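For reference, the chains in residue letters:
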Amino acid sequence: MEFLRITAPDGTRQYIPDNYVANIATSADTLDAGSAYRAPNVVRGRITQVKYYDGLAATAGALVVVTVPAYVAGGTLYSYGCFTVDGAFLAALSN
């Protein structure tokens, strides 16, 4: 099962299961410069917007829409991924 993980600047994490996630928008994939010795690498797009249903009792069912800025140190980190068998979180997408 996949999760949207939101890591606040203070380090606390919120995990939203994928059945509550309505949409994750990403920027387009790009290519890096490469070099004379290798072909360009694909740089995967970053999360730019997330939409998910709030599961809190007071606002249950409300659609939350967040425009996600590029991640900077001390900011909020949005990641989408799953847990491995040993409990580590493996992110497939992030901002």
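Our subject is the structure listed above.
No experiment lies behind these values; they were computed from the predicted model shown.

### Digging into the packing of aromatic side chains
Move 1: One pass over the full model with this rule turns up five aromatic pairs.
Move 2: Ring centres 5.3 Å apart and planes at 45° place the aromatic pair Tyr 15 and Phe 83 in the tilted group. Of the two residues, Tyr 15 is situated in strand 2 (residues 13-17) and Phe 83 in strand 8 (residues 77-83); the sequence distance between them amounts to 68 residues.
Move 3: Residue classification places Phe 83 among the partly exposed residues on the basis of a relative accessible area of 36%.
Move 4: Seen in terms of ring centroids, Phe 83 and Phe 89 are 5.4 Å apart; in terms of plane orientation they differ by 75°. Their pairing is edge-to-face.

### A closer look at the sheet that holds strand 1 (residues 2-7)
Move 1: Spatial strand order, 2-1-8-9: four strands in an open sheet with antiparallel pairing. Two strands lie at the open edges of the sheet, namely strand 2 and strand 9 (89-94), each paired on one side alone. Each neighbouring strand pair of the sheet contributes to a mean axis angle of 35°, computed without reference to strand direction.
Move 2: One ladder, built from five bridges, connects strand 1 with strand 2; its direction is antiparallel.

### Considerations on the nonpolar core
Move 1: Leu 4, Ile 6, Ile 16, Val 21, Ile 24, Ile 47, Val 50, Tyr 52, Val 66, Val 68, Tyr 78 and Tyr 80 together form the largest nonpolar core, which totals twelve residues.
Move 2: Of all elements in the fold, only strand 1, strand 3 (21-26), strand 6 (47-53) and strand 8 reach the threshold of two or more residues within this core.
Move 3: It is strand 6 that contributes the most residues to this core, three residues altogether.
Move 4: Residues contacting Leu 4, with those up to four places away along its chain left out, are Gln 14, Tyr 15, Ile 16, Val 21, Val 50, Tyr 52, Ser 79 and Tyr 80.

### Some remarks on the pairing of strand 9
Move 1: With five bridges connecting them, strand 8 and strand 9 associate as antiparallel partners. Counted as the bridge partner of Cys 82 is Leu 90 from strand 9.
Move 2: Hairpin connection of strand 8 to strand 9: five residues between the antiparallel strands, including Gly 87 at a positive phi of 95°.

### A look at the sheet that holds strand 7 (residues 63-67)
Move 1: Taken in spatial order, the three strands make up an open sheet running 3-6-7, and their pairing is antiparallel. Pairing within the sheet leaves two strands with one partner each, and these edge strands are strand 3 and strand 7. Pairs of neighbouring strands in the sheet enclose a mean axial angle of 10°, with direction left out of account.
Move 2: Note: strand 3 against strand 6, five bridges, orientation antiparallel. Within strand 6, the residue paired with Thr 26 across the bridge is Ile 47.

Analysis parameters
Residues numbered from 1 in each chain as written. Predicted model: local features only at pLDDT ≥ 70, side-chain atom pairs only at ≥ 80, totals over all residues. Heavy atoms only, no water. Phe/Tyr/Trp six-rings, centres within 6.5 Å; stacked < 30°, edge-to-face > 60°. Helix = DSSP H or I, 4+ residues; strand = E, 2+ residues; numbered from the N terminus. Buried < 20%, exposed > 50% of the residue type's maximum accessible area, 1.4 Å probe, protein only. Pairing = 2+ DSSP bridges. Axes fitted to C-alpha atoms, helices over the stretch in contact; angles between N-to-C directions. Core = buried A, V, L, I, M, F, W, Y, C linked by side-chain atoms within 4.5 Å. Contact = heavy atoms within 4.5 Å.

Keep in mind these values describe shape, not function.
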